[in-house]
Amino acid sequence: MLDPVGRANLKWSFAVQDLYECACDLEPGYWHYFVDPKISWYPCAYRKDGFLIMDVALKSEEKAFHHIERFKNFLKHRFGFRDATLLRRMGCRVTFPAPQRWFHFGTNRILLAGEAGGLFNLFGEGISSAMASGAIAGQVSAKSIHQKTPPGSMYRKEIEPERFKTAQQFTLKSMLSDSRMKDALRNIPLLNRPIIMKDMIKWLFFINKMGQGGLPNG
């Protein structure tokens, strides 16, 4: 632990992932995230290799079973989730450090990339950030060997644009002005837009609240 005090002050929660053999009408090839606080504050599902993968997130004092059942019922009524056999259930303790303004990129000789350093995007996906920061870590490591100096200070300088970009995603102004959100809303039927906007605004304020050190239900 390079920053035990900082990590101890982060808000932690739990994520549970189920793998089902089932029938489901979710469109394959996409990761589906549902902005519906009545299900869970992080419900997502996707089809892969003929199976359905379903994720929920919850606070430490909550029961995972209730979140899972709500999500299954939602998928059943909206996307024909049926004939399901649970093949695997996994869970882990998670935190979202970027909205809480925590970043730590290591020491002079230890470089932290991706989620280990606090980098991930607005929807909690960390692979793209890991690839970008990992490439930077590799480049500065090669330079430091050539220059015979520790890579830490060089890495922190080069990683700053990634850190800034990540932090900016979690400001309320940036989230409400995101062009991708506007494009998505244009593709939603006009009568459904007020409902979607209501849930989106609830979710955005939830993320903004995390940045202020809180973690409300819903």
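Further up the page is the structure itself.
These remarks concern the structure in this document.

### What to know about the layout of surface pockets
Part 1 of the argument: If you add up the space inside the largest pocket, you get close to 1,100 Å³.
Part 2 of the argument: If you go around the largest pocket, you meet 32 residues; those closest to its centre are Tyr33, Phe34, Val35, Ile188 and Ile196.
Part 3 of the argument: Elements with a contribution of two residues or more to the lining of the largest pocket: strand E2 (32-33), helix H2 (64-79), helix H7 (179-186) and helix H8 (193-211).
Part 4 of the argument: Per element, the largest residue contribution to the lining of the largest pocket is six residues, and it comes from H8.
Part 5 of the argument: Counted by class, the lining of the largest pocket contains 20 nonpolar, four polar and eight charged residues.
Part 6 of the argument: By volume, the second largest pocket amounts to about 750 Å³.
Part 7 of the argument: Lining the second largest pocket we find 32 residues, and of these Tyr42, Phe96, Glu115, Gly124 and Glu125 sit closest to its centre.
Part 8 of the argument: Those elements that provide at least two residues to the lining of the second largest pocket are strand E1 (12-23), strand E3 (44-48), strand E4 (51-58) and strand E5 (82-95).
Part 9 of the argument: In terms of residue count, E5 provides more of the lining of the second largest pocket than any other element does, six residues in total.
Part 10 of the argument: The residue inventory of the lining of the second largest pocket, partitioned by class, reads 19 nonpolar, seven polar and six charged.

### Digging into the pattern of salt bridges
Part 1 of the argument: All told, the structure shown has six salt bridges when counted by the stated rule.
Part 2 of the argument: Residue Asp18 is joined to Arg89 by a salt bridge in which the shortest nitrogen-to-oxygen separation is 2.7 Å. Placement of Asp18 in strand E1 and of Arg89 in strand E5 is noted, with a sequence separation of 71 residues between them.
Part 3 of the argument: You can call Asp18 buried: its relative accessible area is 1%.
Part 4 of the argument: Residue Arg89 is classed as partly exposed on the basis of its relative accessible area, which comes to 44%.

### Quick notes on the sheet that holds E4
Part 1 of the argument: Spatial ordering of the open sheet is given by E2-E3-E4-E1-E5, a layout of five strands whose pairing is antiparallel. Two strands in the sheet have a free side with no partner beyond their single neighbour: E2 and E5.
Part 2 of the argument: When E1 meets E5, the two strands line up antiparallel, connected through eleven bridges. By the bridge assignment for E5, Ala23 is matched with Arg82.
Part 3 of the argument: Relative to E4, H2 is tilted by about 135°, and along the sheet it contacts E1, E3, E4 and E5.

The rules behind the values
Residues numbered from 1 in each chain as written. Predicted model: local features only at pLDDT ≥ 70, side-chain atom pairs only at ≥ 80, totals over all residues. Heavy atoms only, no water. 1 Å grid on protein atoms, 1.4 Å probe; cavity = no way out; pocket = protein on both sides within 12 Å on 5 of 7 lines; lining within 4 Å. Points joined across faces, edges and corners; volume = space filled by probe spheres on them. Helix = DSSP H or I, 4+ residues; strand = E, 2+ residues; numbered from the N terminus. Nonpolar A, V, L, I, M, F, W, Y, C, P; charged D, E, K, R; others polar. Salt bridge = Lys/Arg side-chain N within 4 Å of Asp/Glu carboxyl O. Buried < 20%, exposed > 50% of the residue type's maximum accessible area, 1.4 Å probe, protein only. Pairing = 2+ DSSP bridges. Contact = heavy atoms within 4.5 Å. Axes fitted to C-alpha atoms, helices over the stretch in contact; angles between N-to-C directions.

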